[in-house]
Amino acid sequence: MVAVCLNINSMKKLFLLMLGALSLNCVQAQRKTQNIIIVTLDGLRWQEVFRGADSALIASKFTEDKDGVKKKYWAASSAERRKTLMPFLWSEINKQGQIYGNRDLGNKDEVANPYRFSYPGYNEIFTGFPDKRMNTNDPITNPNMNVLEFINKQKGYQGKVVAFASWERFPQILNAKRSGLPIYSGYADVKNADANERIKYLNELQDNVPHYLGDSTRLDFISFEYTKEYIKQYKPKVVYLGFDETDDMAHEGNYSAYLDRTRQEDGYIKALWNMVQNTPGYKGNTTLLITCDHGRGEQPVETWRSHGEDVKGSEQTWFAVLGPDTPPTGEITTATTTYHKQLAQTISLLLGFDFKKSAGHEVGDAIETVIKK
Ligand SMILES: [Zn+2]
């Protein structure tokens, strides 16, 4: 007989509480994302993403076969050029998702860390914290909690988070020891005893293909193939796929290979997206986030090869989102600045979890425009 004992004030409070619980449930019920795929293209500039191939770089010593590159990637307008370079991004994602960072339109996306190279960049994306201590690409274990580790602890997500990356540094960046996440980066094999024949074949293949990028970075197509096969067999709910070759080709000073890798990886992402749309459990409830870890220089032209604290413009980045909770506004034209330290909380909120509250360190606020009200 509890209700009889409640006075009017308590009843009011109870009613408000129930209303609050109801509206919270509504917010969660409205959100459709249950799976997230995060893809990074290391050091791919916003300049190519939004303008397509760069005439100054094609004309420079960094492009050997100028006619060949023009034939493949040149068109009169930047709208045509970027679509030639990244057809999936500029058709499907531009129509149904969002693309941030076109500075030509006044929309800016940046890394907040001052270092502008890989480890600090990935640390910022996954921990939401541009921690000044993370100023190295060395195998230093990251003390900060990351959003993948956090999601892996949530109900329904345990054992359902996985990372594949071409660069070998991710067990440290994502603190594999503490997080317990399966992280297959560099030339790491998938050692699961029940792994299917195709995964076992990839374990064999990656040893035998030429290690053009040295022994610390495998070729991106291997990371891509692993990711596909792993999704088919194990049905993870959160997948990170880290490509590397765009950065490698730029450091090499090979502009044509940089463009080739960009176009092919746009195709990998398209294939991955189409695959999950046809895989039970993923259709209509999966969000795709694509971004990079840092920008590169623009002026003078040779600074394209590099990035870092001293390279002007290498804080300038971009990101794209496609999914059932993201308004299909396409290329963002508002004069706003987003930061990569905001991506971790954005990823978390898309799944209905509050990473910022539990991270134990500073975390950037979610990017509200990514998530439908
Ligand atoms: Zn680099």
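Remarks on the coordination of the zinc ion
- The zinc ion binds to the protein through Asp247 (OD), Asp247 (OD), His251 (NE2) and His307 (NE2); the donor distances cover 2.1 to 2.6 Å.
- Classification of the site at the zinc ion as irregular follows from its 4 donor atoms and the range of 53 to 144° in their angles at the metal.
- Going along the chain, you hit the donors of the zinc ion in the pattern D-x3-H-x55-H. With His251 in helix α14 (residues 245-252) and His307 in the loop between β7 (286-291) and β8 (316-317), the pair connects residues that are 56 residues apart, well separated along the chain.
- For His251, a relative accessible area of 35% gives the class partly exposed.

Brief notes about the sheet that holds strand β9 (residues 319-322)
- Taken together, 8 strands build an open sheet; the order of strands is β5-β4-β6-β1-β7-β9-β2-β10 and the sheet is mixed. Looking at the sheet topology across the chains shown, the edges are occupied by β5 (183-185) and β10 (330-331).
- Taken together, the 6 bridges between strand β1 (residues 35-41) and β7 define a ladder with parallel strand orientation. Bridging across to β7, Ile36 finds its partner in Thr287.
- Across the sheet, helix α7 (residues 89-96) is in contact with β2 (98-100), β7, β9 and β10; its angle to β9 comes to roughly 65°.

Describing the side chain of Thr40
- Tracing the chain through its elements places Thr40 in strand β1.
- Assessed through its relative accessible area of 0%, Thr40 is described here as buried.
- A polar contact of 2.5 Å, which involves the side chain of Thr40, links it to the side chain of Tyr240.
- Leave out the neighbours within four places in its chain, and Thr40 touches Tyr122, Ile125, Tyr240, Leu241, Gly242, Phe243 and Thr291.

A few points about the packing of helix α5 (residues 66-73) against helix α15 (residues 255-277)
- Between α5 and α15, the shortest axis-to-axis distance is 11 Å and the interhelical angle comes to 25°. Taken as axis vectors, α5 and α15 run roughly parallel relative to one another. Here the hand of the crossing between α5 and α15 comes out left-handed. Residues Val69, Lys72 and Tyr73 of α5 form the contact with α15, whose participating residues are Ser256, Leu259, Asp260 and Arg263.
- Of the residues belonging to the contact of α5 with α15, the class tally is 3 nonpolar, 1 polar and 3 charged.

Focus: the packing of aromatic side chains
- Evaluated as defined, the whole model comprises 22 aromatic pairs.
- On the numbers, 5.7 Å between centres and 15° between planes, the contact of Phe164 with Tyr226 is stacked. Taken as a pair, Phe164 in strand β4 (residues 161-165) and Tyr226 in helix α13 (residues 220-234) lie far apart in primary sequence, 62 residues in all. Comparing Phe164 with Tyr226, the two get one shared label, buried.
- Consider the rings of Tyr230 and Tyr234, whose centres lie 4.6 Å apart with planes at 40°: the pair is tilted. With Tyr230 and Tyr234 both in helix α13, this residue pair falls 4 residues apart, about one helical turn.

Let's talk about the pattern of salt bridges
- Applying the stated criterion to the full structure yields 18 salt bridges.
- The partner of Arg178 in a salt bridge is Glu149, with the nearest N and O atoms 2.8 Å apart. In this pair, Arg178 is assigned in helix α11 (residues 176-179) and Glu149 in helix α9 (residues 147-151), connecting sequence segments 29 residues apart.
- On the basis of relative accessible area, Arg178 is assigned to the partly exposed category, the value being 40%.

Quick look at empty space enclosed by the protein
- Taken as a whole and assessed by the stated rule, the structure comprises 1 cavity of 30 Å³ or more.
- For the largest cavity, the calculated volume is near 40 Å³.
- Along the walls of the largest cavity sit Leu289, Phe319, Val321, Leu343, Thr346, Ile347, Leu350 and Val370, which together make up its complete lining.
- Of all the secondary structure elements, the ones that give two or more residues to the lining of the largest cavity are β9 and α16 (343-350).
- Here the residues of the lining of the largest cavity sort into 7 nonpolar, 1 polar and no charged.

A short note on the sheet that holds strand β11 (residues 337-339)
- Strand order across the open sheet formed by 3 strands is β8-β3-β11, with mixed pairing between neighbours. Lying at the two open borders of the sheet, with one neighbouring strand each, are β8 and β11.
- Two elements, strand β3 (residues 108-110) and β11, share 3 bridges in a ladder whose sense is parallel. Note on β11: the bridge partner recorded for Asp109 is Thr338.

Some remarks on the pairing of β4
- With respect to burial, β4 is a largely interior element, 5 of its 5 residues being buried.
- With burial as the criterion, each face of β4 is covered, one bearing Val161, Ala163 and Ala165 and the other bearing Val162 and Phe164.
- Inspection of the sheet shows β4 paired to strand β6 (residues 238-243) by 5 bridges, in the parallel sense. Directly across from Ala165, in β6, lies its bridge partner Gly242.
- Alignment of β4 against β5, held across 3 bridges, turns out to be parallel. Each residue of the ladder has a partner; that of Ala165, found in β5, is Ser185.

Thresholds, definitions, all that
- Residues numbered from 1 in each chain as written.
- Predicted model: local features only at pLDDT ≥ 70, side-chain atom pairs only at ≥ 80, totals over all residues.
- Heavy atoms only, no water.
- Donors = N, O, S within 2.8 Å, 3.2 Å for Na, K, Ca; no water.
- Tetrahedral: all angles 85-135°; square planar, octahedral: opposite > 155°, others 65-115°.
- Helix = DSSP H or I, 4+ residues; strand = E, 2+ residues; numbered from the N terminus.
- Buried < 20%, exposed > 50% of the residue type's maximum accessible area, 1.4 Å probe, protein only.
- Pairing = 2+ DSSP bridges.
- Contact = heavy atoms within 4.5 Å.
- Axes fitted to C-alpha atoms, helices over the stretch in contact; angles between N-to-C directions.
- Polar contact = N/O pair within 3.5 Å; in protein donor to acceptor, adjacent residues only side chain to side chain.
- Parallel < 35°, antiparallel > 145°, perpendicular 65-115°, else oblique.
- Left-handed = near helix turned anticlockwise from the far one by under 90°.
- Nonpolar A, V, L, I, M, F, W, Y, C, P; charged D, E, K, R; others polar.
- Phe/Tyr/Trp six-rings, centres within 6.5 Å; stacked < 30°, edge-to-face > 60°.
- Salt bridge = Lys/Arg side-chain N within 4 Å of Asp/Glu carboxyl O.
- 1 Å grid on protein atoms, 1.4 Å probe; cavity = no way out; pocket = protein on both sides within 12 Å on 5 of 7 lines; lining within 4 Å.
- Points joined across faces, edges and corners; volume = space filled by probe spheres on them.

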